[in-house]
Amino acid sequence: MRRLRQELRFRARRLIKQPGVLLIALLAPALGTGFTQVKPTTIPLDDPSEMQLRNVKTEQVTYKGRKALRVTDAAPANVADGIQLVILNKTEFQDGVIEIELTGEPAANTGEGARGFVGVAFRAGLDAAKDSVKYECFYLRPTNGRAGDQVRRNHSTQYISYPDFPWQRLRKEFPEKYESYVDLVPGEWTKVKIEVRGDEARLYVHDAPQPVLVVSDLKQGQSRGQIALWVGAGTVAHFSNLRVSK
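Conventions used here
Residues numbered from 1 in each chain as written. Predicted model: local features only at pLDDT ≥ 70, side-chain atom pairs only at ≥ 80, totals over all residues. Heavy atoms only, no water. pLDDT = per-residue confidence, 0-100. Contact = heavy atoms within 4.5 Å. Helix = DSSP H or I, 4+ residues; strand = E, 2+ residues; numbered from the N terminus. 1 Å grid on protein atoms, 1.4 Å probe; cavity = no way out; pocket = protein on both sides within 12 Å on 5 of 7 lines; lining within 4 Å. Points joined across faces, edges and corners; volume = space filled by probe spheres on them. Pairing = 2+ DSSP bridges. Buried < 20%, exposed > 50% of the residue type's maximum accessible area, 1.4 Å probe, protein only. Phe/Tyr/Trp six-rings, centres within 6.5 Å; stacked < 30°, edge-to-face > 60°. Lys NZ or Arg CZ within 6 Å of the ring centre and 35° of its normal.

### Remarks on the confidence of the model for the chain
For step 1, the next point in the chain: On average, residues of the chain score 88 in pLDDT, and 85% of them are at 70 or above.
For step 2, the next point in the chain: Across residues 1-6, confidence stays below pLDDT 50; counting only partners more than four residues off in sequence or on other chains, it has 0 contacts.
For step 3, the next point in the chain: Segment residues 14-33 is flagged for pLDDT under 50; beyond a separation of four residues in sequence, or across chains, it makes 6 contacts in the model.

So, in structure tokens, the structure goes:
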């Protein structure tokens, strides 16, 4: 038995020295995750000519020691919620990883329902002639993160698919499935990562190794489109350090 074990170890060492076997060994962990990453590309947020603004205003600022793009809700009262966007023209995206740092908080003099809604839309498609847009999106409700009401805490993160699946419909038809809790502080920088593959997407917050929200049935299927910075009603947000891996 001892001689057999020695022979097996000897053969294993010989195999590992072969380049093809070594390559498979190195790739196996990445392939097993389903979300293999390559080196990320940084997307600049300081070129207005590469942005399409929809019902928001923007300005370049330094916020809490970091250069950022400030995005403020500017939608008229008669405009439906969900189309306050900064669409980034050169970000054709289907599958991959989106990483960004962002903040969100209610603007001054907003109503009690303001939550500082802030997030990232992906696979966004704009029909300028009809002034309509569609997208998938993960967003945060920063004021919910440390609310005294546990129900509000449970609604700290949200997935939506615009226009057919807003949060109201998803919460009514699929309670708790597309929302979750995560610790958040309004106005504080928050790291967000979104992994997208096929009709599945995962949301990570604060560099956590596990997702805080998993969606296995993206409502628009395996579509493609641009990445967009997303804010909700009554929000002042900041975005910085956007990176995309495909």
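Having seen it, we continue.
### Comments concerning the side chain of R141
For step 1, the next point in the chain: With respect to the element layout, R141 can be found in the loop between β8 (132-140) and α3 (150-153).
For step 2, the next point in the chain: Setting aside residues up to four positions removed in sequence, R141 forms contacts with R115, F117, H155, S156, T157, Q158, W167, R171, E179 and L184.

### Re the layout of surface pockets
For step 1, the next point in the chain: In this structure, the largest pocket occupies an estimated 290 Å³ of space.
For step 2, the next point in the chain: As for the largest pocket, its lining consists of 17 residues, of which D81, Y139, R141, W167 and Q168 are closest to the centre.
For step 3, the next point in the chain: When residues of the lining of the largest pocket are traced back to their parent elements, those giving at least two are β8, β9 (157-162) and α4 (167-173).
For step 4, the next point in the chain: Ranked by the residues each element gives to the lining of the largest pocket, the list is headed by α4, at 3 residues.

### Things to note about the sheet that holds β8
Across a sheet, strands are paired by hydrogen bonds formed along the backbone, either parallel or antiparallel in direction.
For step 1, the next point in the chain: The strand order β2-β5-β14-β7-β8-β9-β10 describes an open sheet built from 7 strands, whose pairing is antiparallel. Each having just a single partner strand, β2 (51-54) and β10 (179-180) make up the two edges of the open sheet.
For step 2, the next point in the chain: Note: β9 against β10, 2 bridges, orientation antiparallel. Looking at β10, one finds that T157 is bridged to S180.

### Topic: the pairing of strand β14 (residues 225-231)
For step 1, the next point in the chain: Across the 7 residues of β14, 7 count as buried, placing the element largely inside the fold.
For step 2, the next point in the chain: Bridging between strand β5 (residues 85-93) and β14 involves 5 bridges; their strand directions are antiparallel. Along β14, the bridge assignment pairs L85 with W230.
For step 3, the next point in the chain: Strand direction decides the pairing type here: strand β7 (residues 118-127) and β14, joined by 5 bridges, are antiparallel. Bridging across to β14, V118 finds its partner in V231.

### A look at the packing of aromatic side chains
Each pair of aromatic rings is reported with the distance of its centres and the angle of its planes.
For step 1, the next point in the chain: Taken as a whole and assessed by the stated rule, the structure comprises 8 aromatic pairs.
For step 2, the next point in the chain: For the pair F117 and Y139, a centre-to-centre distance of 6.2 Å together with 80° between the ring planes defines the contact as edge-to-face. Of this pair, F117 sits in the loop between β6 (96-106) and β7 while Y139 sits in strand β8, and the two are 22 residues apart along the sequence.
For step 3, the next point in the chain: Ring pairing ties together the aromatic residues F122, F138, Y159, F174 and Y178, which thus form one cluster.
For step 4, the next point in the chain: Seen from the ring of W167, R141 lies directly overhead, with NZ or CZ sitting 5.7 Å from the centre.

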